Amino acid sequence: MNRTATIIRKTSETDIELTINVDGSGQSDIQTGIGFFDHMLRSFAKHGFFDLSLHVEGDLEVDCHHTIEDTGIVLGEAIKKAIGDKKGIRRYGSFALPMDETLVLTALDLSGRPYLCFDAEFTVDRVGGFDTEMVKEFFYAVSYSSGMNLHIRQLAGQNNHHIIEAVFKSFAKALDEATGYDPRIKDVLSTKGTL
């Protein structure tokens, strides 16, 4: 049984419809109006084996902030809804992803308690139409709307495109691990009995 969720969110700033299948094969149909962001989300889907459909109409005449942040909110809500009661899943995931000179580590816990530790540095303000400061804002939104403890750390790297892409790909790989099933886990992986 595939774990899927669809979230629709409309505000005065953005109109978003997102569907995710966490048990997918990496297929994606993504249109946010920001080419580099589309590229990052396609990479997230492909490397996490998530099927992702996303259509966003945002107030890009203002800037990219609302589009990227609100997409993070919706993605986090969809992840939370898709994984449901979390019975049988590994809960934790981590991945160190190399990309040329860049190395990024992501570790996460689907604990239900949101927290973000983000340690990456960018030397330019923008990559394409994507403000580099929005990388942290995006993952903050994902972590808080999904109830995820998320640590992202840049261990090496100079090229801003590579750093951002490694962040998205390492997050995808860690999330794929955390949402995966382990036959040894019969309920939820917590002494409390709930996540």
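The structure displayed is predicted, hence computed values, not measured ones. (Residues numbered from 1 in each chain as written. Predicted model: local features only at pLDDT ≥ 70, side-chain atom pairs only at ≥ 80, totals over all residues. Heavy atoms only, no water.)

A. How the structure looks around helix 4 (residues 160-179). Its 20 residues place the ends of helix 4 29 Å apart at the C-alpha level, agreeing with the 28 Å of an ideal helix rising 1.5 Å per residue. Counting buried positions over the 20 residues of helix 4 gives 16, a clear majority of the element. N-capping of helix 4 is provided by Asn159, with a side-chain oxygen placed 3.0 Å from the backbone N of His161. (Helix = DSSP H or I, 4+ residues; strand = E, 2+ residues; numbered from the N terminus. Expected span 1.5 Å × (residues − 1). Buried < 20%, exposed > 50% of the residue type's maximum accessible area, 1.4 Å probe, protein only. Polar contact = N/O pair within 3.5 Å; in protein donor to acceptor, adjacent residues only side chain to side chain.)

B. Here's a closer look at unusual backbone geometry. Phi is positive for Phe49, which is not a glycine, with a value near 60°. Looking at where Phe49 falls in the secondary structure, it is placed in the loop between helix 1 (35-48) and strand 4 (51-58). Look at Phe49 and you get partly exposed, because its relative accessible area is 39%. A positive phi angle, near 55°, is found at Asp100, a position not held by glycine. Structurally, Asp100 can be placed in the loop between strand 5 (92-99) and strand 6 (102-109).

C. How the structure looks around the packing of aromatic side chains. Summed over all chains, the structure comprises 10 aromatic pairs. Relative to Phe171, the ring of Phe44 lies with its centre 5.7 Å away and its plane at 20°, an arrangement referred to as stacked. Within this pair, whereas Phe44 is found in helix 1, its partner Phe171 is found in helix 4, the two being separated by 127 residues in sequence. Residues Phe44 and Phe171 agree in their burial class; the two are buried. Put simply, the rings of Phe36, Phe37, Phe44, Phe50, Phe130, Phe138, Phe139, Phe168 and Phe171 touch in pairs and so form one group of aromatic residues. (Phe/Tyr/Trp six-rings, centres within 6.5 Å; stacked < 30°, edge-to-face > 60°.)

D. Representation of a nonpolar patch on the surface in the model. Residues Tyr115, Tyr140 and Tyr144 make up a contiguous nonpolar surface patch of about 330 Å² in total accessible area. Residue position: Tyr140 is located in helix 3 (residues 134-146). For Tyr140, a relative accessible area of 42% corresponds to the partly exposed category. (Patch = residues over 30% accessible without salt bridge, like charges linked within 9 Å, V, L, I, M, F, W, Y side chains within 5 Å. Areas by Shrake-Rupley, 256 points an atom, 1.4 Å probe, with all protein chains shown as cover. Salt bridge = Lys/Arg side-chain N within 4 Å of Asp/Glu carboxyl O.)

E. How the structure looks around the sheet that holds strand 4. Spatially, 1-2-4-3 is the arrangement adopted by the 4 strands of the open sheet, whose pairing is mixed. Each edge of the sheet is formed by a strand with only one pairing partner; in this case those strands are strand 1 (4-10) and strand 3 (28-31). Averaged over all pairs of adjacent strands, the angle between their axes in this sheet comes to 5°, without regard to strand direction. Pairing analysis gives 4 bridges linking strand 3 to strand 4, with the strands arranged parallel. Residue pairing in the sheet places Ile30 in a bridge with Leu54 of strand 4. Together, strand 2 (14-21), strand 3 and strand 4 form the strand contacts of helix 1, whose direction differs from that of strand 3 by roughly 160°. (Pairing = 2+ DSSP bridges. Axes fitted to C-alpha atoms, helices over the stretch in contact; angles between N-to-C directions. Contact = heavy atoms within 4.5 Å.)

F. View of the sheet that holds strand 10 (residues 149-156). Pairing is mixed in the open sheet, where 4 strands are placed in the order 5-6-10-7. In the strand order of this sheet, the two ends are held by strand 5 and strand 7 (115-119), each with one partner. Sheet twist, expressed as the mean angle between neighbouring strand axes with direction ignored, is 10°. In terms of strand pairing, strand 5 meets strand 6 through 8 bridges, oriented antiparallel.

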